[in-house]
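# Remarks on the overall topology
Here's the letter readout for the chains.
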Amino acid sequence: MLPPTIPTSFVPRPSDATSRRFTSDLSSAFGFFAYGILGGVFVLAIGVFFYGRILVNTQSAKNAELKEAEATIELATVENFVRLRNRLEFGATLFANHSAFSSFFTLLETLIPSTVRFVSLHLALHDTTGVKLDGSGVAKSFNALAVASAAFATDGRIKDAVFSNIVVNSRDNSVSFALTATLDPKSIAFSPSAPTTVPLGSSDIPIREETASTTPSL
Amino acid sequence: MIHDRILPLFALMVATGIFFSYVHPTWSGRIAETKAAIISDEQALVAASAYTTRQNALATERNAIDPENLSRLAVFLPDSVDNVGLILDLNALAARSGLSLSNIDVTKNKVESSDASGALPVARANPTSSIDLSLSAVGTYTALQAFLVGIEKSTRLLDVQDIVVKSSDTGVYSYQMKLRIYWLR
């Protein structure tokens, strides 16, 4: 008869075996995880390396392409285009403001009677105030001067015409005067359709002689 | 048993080391810079392509302009002031018109805009300059009119800024004029 304290040999110890298997499984899982991570990082590192090489090659190709494209750009060509555009744009602006005083003289011929003549005439083009007219002259009579004044007022292109220093000559009843006025900018606006052409810079083009229909009043 | 735990731990440490010492710095450093450079290059290439297209279009437009008109335009607003050549032309015009010129001078030097900075001219800056020429003349009224019309229709742009006319009993008047001439800087 065996003593009751000695355990029988065939009685299993389930708790120890389960614990060991669990520990072993945990180690295996950890190992699997760790080696998996290591493998993944290796693959990632190799991928990054080759991706970097591909990018460097791509950049080199793009740089070469860019240099080739830059070589086709000539600064002189660009400057020529810019100058041509400036010439066209600013030339058009200047041409739009081109003054033609000859049309004013033509206007003056038609407005004032032949009995009024100017001794001096000063026309000044100002950037801000337009064209200012200052003059002095002699009219055959006061009525002639009145006709000229009325003509200016009726026409409207010679504005703010003020006759001053009006002196009647007792000897022949002629009237001397001074005149200040401003001009409508349209009255000196250049019109390309005007008949006479005398271009500068092309001296071989002949001048068409002016044939004034009225006697100059100046 | 210990090996079962140490080696995976070591593997993890190696993986972490590789990641933080190579993968991450390379990705966020050199590769990111290279990618940015490639994007910049691609943008520059697109711009170069657009430029080439525009240049070809502009060249086509310019070629469509009559070369004679282009040369007239260059005379209209020349590249330099060349006031001496202009004075010769004015003198010839005055002679053809019957006007006698004297005392031609440059009276005013006016710069219309400041210089554009940079290698190429800036589009919006005014690139023109001007000076005023003063001249005195004597002649008949008809001659003056012919001279004025010649100036107004001159191929080179000339603007009369100021004119003083004084009559005389002989029918020959004296004139003083200021002409503004322009050029493209």
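Everything discussed here concerns the structure shown above.
Model, not experiment: these values are computed from the prediction.

What follows concerns the overall build of chain A. Counting its secondary structure elements, chain A contains 4 helices and 4 strands. When the helices and strands of chain A are placed in sequence order, the string is α-α-α-β-β-α-β-β. Relative to its 218 residues, chain A shows a buried fraction of 34%. Long-range contacts, defined as pairs at least 24 residues apart, comprise 56% of the intrachain contacts of chain A with a sequence gap of at least 6. Of the roughly 13,400 Å² that chain A leaves accessible, carbon and sulfur atoms contribute 61%.

In this section: the packing of helix α2 (residues 75–96) of chain A against helix α2 (residues 67–76) of chain B. Packing of α2(A) against α2(B) brings their axes to within 10 Å, and their N-to-C directions diverge by 65°. For α2(A) against α2(B), the interelement crossing comes out left-handed. Within the contact between the two elements, α2(A) uses A:Leu84, A:Arg87, A:Leu88, A:Gly91 and A:Phe95 and α2(B) uses B:Leu70, B:Leu73, B:Ala74 and B:Phe76. Among the residues forming the contact of α2(A) with α2(B), the class breakdown is 7 nonpolar, 1 polar and 1 charged.

Looking now at the packing of aromatic side chains. All names here are of chain A. All chains considered together, the criterion is met by 11 aromatic pairs over all chains. A ring pair is formed by Phe95 and Phe190, whose centres lie 5.6 Å apart and whose planes are at 70°; its orientation type is edge-to-face. Taken together, the residues Phe95 in helix α2 and Phe190 in the segment after β4 (175–183) connect sequence positions 95 residues apart. Residues Phe104 and Phe105 carry aromatic rings whose centres are separated by 5.6 Å and whose planes lie at 65° to one another, so their mutual orientation is edge-to-face. Taking relative accessible area as the criterion, Phe105 reaches 1% and is therefore assigned buried.

Tallying the contact residues gives 83 residues for chain A and 82 residues for chain B. For the pairing of chain A and chain B, the buried interface totals around 7,400 Å² over both sides, and the portion due to carbon and sulfur atoms is 67%. Between B:Asp79 and A:Arg87 there is a salt bridge whose closest N-O contact spans 2.5 Å. Where chain A touches chain B, the interface holds 20 residue pairs in polar contact (both at pLDDT 80 or more). For the side of chain A that touches chain B, the secondary-structure elements that each account for two or more residues are α1 (14–71), α2, α3 (101–111) and β1 (116–126) of chain A. Residue contributions to the side of chain A that touches chain B peak at 26 residues, all from α1(A). Across the side of chain A that touches chain B, the residue classes break down as 47 nonpolar, 24 polar and 12 charged. Bridge count between β1(A) and strand β3 (residues 158–166) of chain B: 5 bridges; the pairing is antiparallel. Bridging across to β3(B), A:Leu123 finds its partner in B:Ile163.

Rules behind the numbers
Residues numbered from 1 in each chain as written. Chains lettered and ligands numbered in written order. Predicted model: local features only at pLDDT ≥ 70, side-chain atom pairs only at ≥ 80, totals over all residues. Heavy atoms only, no water. Helix = DSSP H or I, 4+ residues; strand = E, 2+ residues; numbered from the N terminus. Buried < 20%, exposed > 50% of the residue type's maximum accessible area, 1.4 Å probe, protein only. Contact = heavy atoms within 4.5 Å. Areas by Shrake-Rupley, 256 points an atom, 1.4 Å probe, with all protein chains shown as cover. Axes fitted to C-alpha atoms, helices over the stretch in contact; angles between N-to-C directions. Left-handed = near helix turned anticlockwise from the far one by under 90°. Nonpolar A, V, L, I, M, F, W, Y, C, P; charged D, E, K, R; others polar. Phe/Tyr/Trp six-rings, centres within 6.5 Å; stacked < 30°, edge-to-face > 60°. Buried area = accessible area lost by both parts, 1.4 Å probe. Salt bridge = Lys/Arg side-chain N within 4 Å of Asp/Glu carboxyl O. Polar contact = N/O pair within 3.5 Å; in protein donor to acceptor, adjacent residues only side chain to side chain. Pairing = 2+ DSSP bridges.

Honestly, that's just the spatial picture; any functional story needs more than this.
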